[in-house]
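Okay, here's what each chain looks like letter by letter:
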Amino acid sequence: MSVTFAQGFSAAGVVAGISAVEGKKDLALVVNNGPLDAAAGVFTFNRFCAAPVQWSRKAVADGHIKAVILNSGGANACTGEAGYAQSQATAETVASLVGTDANDVAVCSTGLIGELLPLDNVLAGAKYAYAALADTAEAGADASHAIMTTDTKPKTVTLESKAGWRIGGMVKGSGMIAPQLATMLCVITTDAVVTAGQLQAALASGVDTSFNRIDVDGCMSTNDTVLLLASGASGVEPDPDEFNRFVADACASLARQIIGDGEGASHDIRITVTGATTEDAALACGRAVAASNLLKCAISGNDPNWGRIVSSLGTVPVDVAPYDSNKVTVDVNGVRICENGGAGRDRSEVDMTPREVHIDIDLNAGDAAATVWTDDLTHEYVHINADYES
């Protein structure tokens, strides 16, 4: 059901003629019908952030969002004042339709960078989407399809607490995925009775341990947006810890689905670093390994090349992650192929046929740990990005 699983939300996904792919759904609308309109957001750190990011960051600053309009088929990034004017015009059109202020409308775009959107199509599409709004599972599914670009499948999540409140969500993302965040547009909805402050705290924490810990290709997007909206329609005020956990679980599920749909990927790679002095140290080591294109290519070829793992691990400065290289161990899919910084069991013993590859690194320097996910790099990844059009 995606974003319509939580009570108080309606959605639509329509063909607006924005995408270069004829007949593709390319515009989604999500409306919060209340009674609350609390909201929180997390956005890309990219200094070339897109016009819709600039608009939505400002819109969500007061903790209120009534509607979100999202398009695939164009990023509206690096488009200057004209691009920002397009985001504003889009928000104003949606606001007039749903009966709110433009500053309570978030705008999200994804696709090719450097080109303005076909604004007439976007505005007409907003009207089509408004007319198609519904709170059904089908409407939520339509919205999740409309935000896809190189994704091969929609990515959604639904969770329900025993107290009766719900969380629903959708995300798009397949390539240009790297911390912080990943190339993605994400909308998560809840019908719990929560404040904007609670939402922001829960979202920031949830994003930090999910979307910020995945890496498909080491490339940071200009358009990353994660929004969390609350309608309060369940009438239930949740336990704060339980709510935080549910938001974190929703983020984790959506982030994992992005890895499972990485552009051209044949393996999903879980990298867990243990025995670190701090969690930040473990995370720095995990990210260094996840960023290795040499390792990703080796995994694509079913080669558990531990030399490429430790060489990447060795790039982390000692003041960030102190450890003794002569005490490090590396297991791949349960086989210890690096023992005390040197060769362990023969890497031919590692079964590389499963989709998931587990790399477990023990620094033997402390008690902290962290996990990041990445994908392998395949010929198909090159093909997709050599011929990319939105």
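Summarised in this report is the structure supplied together with it. (Residues numbered from 1 in each chain as written. Predicted model: local features only at pLDDT ≥ 70, side-chain atom pairs only at ≥ 80, totals over all residues. Heavy atoms only, no water.)

What follows covers the environment of Ile147. Within the secondary structure layout, Ile147 lies in the loop between helix 4 (137–146) and strand 6 (155–160). A residue is classified by how much of its surface remains accessible, and Ile147, at 0% relative accessible area, is buried. As a C-alpha pair, Ile147 and Lys25 span 122 residues in sequence and 7.8 Å in three-dimensional space. (Helix = DSSP H or I, 4+ residues; strand = E, 2+ residues; numbered from the N terminus. Buried < 20%, exposed > 50% of the residue type's maximum accessible area, 1.4 Å probe, protein only.)

The subject of this paragraph is the pattern of salt bridges. This structure, assessed with the given rule, holds 12 salt bridges. With a shortest N-O distance of 3.3 Å, Arg256 and Asp268 are connected by a salt bridge. Of this pair, Arg256 sits in helix 6 (residues 240–260) while Asp268 sits in strand 11 (residues 268–276), and the two are 12 residues apart along the sequence. On the accessibility criterion, Arg256 (25% relative accessible area) is partly exposed. Owing to a relative accessible area of 4%, Asp268 belongs among the buried residues under this scheme. For Arg336, the salt bridge is made with Glu339, and the minimal N-O distance between the two is 4.0 Å. The exposure class assigned to Glu339 is partly exposed, which follows from its relative accessible area of 35%. Among the ionic contacts, a cluster of salt bridges with common partners joins Arg256, Asp268, Arg355 and Glu356. (Salt bridge = Lys/Arg side-chain N within 4 Å of Asp/Glu carboxyl O.)

Take the packing of aromatic side chains next. This model, assessed by the stated rule, comprises 3 aromatic pairs. With a centroid separation of 5.5 Å and an interplanar angle of 50 degrees, the aromatic rings of Trp165 and Phe243 are classed as tilted. Of this pair, Trp165 sits in the loop between strand 6 and strand 7 (166–172) while Phe243 sits in helix 6, placing them 78 residues apart in sequence. Summarising the aromatic geometry, the rings of Trp165 and Phe246 are spaced 4.9 Å apart at their centres and angled 55 degrees between planes, so their arrangement reads as tilted. Of the two residues, Trp165 sits in the loop between strand 6 and strand 7 while Phe246 sits in helix 6, which places them 81 residues apart along the sequence. Linked through ring pairs, Trp165, Phe243 and Phe246 together constitute an aromatic cluster. Against the face of Phe5 rests Arg166, its NZ or CZ located 4.2 Å from the ring centre. A cation sits over an aromatic face here: Arg256 above Trp373, 4.1 Å from the ring centre. (Phe/Tyr/Trp six-rings, centres within 6.5 Å; stacked < 30°, edge-to-face > 60°. Lys NZ or Arg CZ within 6 Å of the ring centre and 35° of its normal.)

Helix length check: helix 5 (residues 196–208), at 13 residues, gives a terminal C-alpha distance of 18 Å against a target of 18 Å (1.5 Å per residue), a fit within 8%. Here helix 5 has its buried residues at Leu199, Ala202, Leu203, Gly206 and Val207. For helix 5, the buried positions fall inside an angular range of 125 degrees around the axis, keeping them on one side. Those residues of helix 5 that are buried are in contact with strand 3 (38–43), strand 8 (185–190), strand 10 (225–230) and helix 6. (Expected span 1.5 Å × (residues − 1). Arc of directions from axis to C-beta. Contact = heavy atoms within 4.5 Å.)

On to the environment of Leu363. With respect to the helices and strands, Leu363 occurs in the loop between strand 15 (356–362) and strand 16 (368–375). With 37 residues separating them in the primary sequence, Leu363 and Asn326 have C-alpha atoms 9.3 Å apart. Not counting the four nearest positions on each side in its chain, Leu363 is found in contact with Val273, Thr274, Gly275, Ala276, Cys285, Leu313, Tyr323, Lys327 and Val328.

Within the largest apolar cluster, 49 residues are counted, with the highest numbers of intra-cluster contacts made by Val68 and Leu70. Among the elements that make up this core, the one with the highest residue count is strand 2 (residues 27–32) (5 residues). One finds Ile299, Ile309, Val328 and Ile359 within the second-largest nonpolar core, a separate group that totals 32 residues. (Core = buried A, V, L, I, M, F, W, Y, C linked by side-chain atoms within 4.5 Å.)

Attention now moves to the pairing of strand 16. Along strand 16, 6 of the 8 residues are buried, which leaves the element largely enclosed by surrounding structure. As defined by bridge partners, strand 9 (residues 214–215) adjoins strand 16 across 2 bridges and the pair is classed as parallel. Bridged to Ile214 within strand 16 is Trp373. By the bridge criterion, 7 bridges tie strand 11 to strand 16 in an arrangement that is antiparallel. (Pairing = 2+ DSSP bridges.)

Mapped onto the secondary structure, Gly17 falls in the loop between strand 1 (9–14) and strand 2. Taking the relative accessible area as the measure of exposure, Gly17 reaches 40% and is therefore partly exposed. C-alpha separation for the pair Gly17 and Pro118, spaced 101 residues apart in sequence, amounts to 8.4 Å. Dropping the residues within four chain positions of it, Gly17 is found in contact with Asp26, Pro118 and Asn121.

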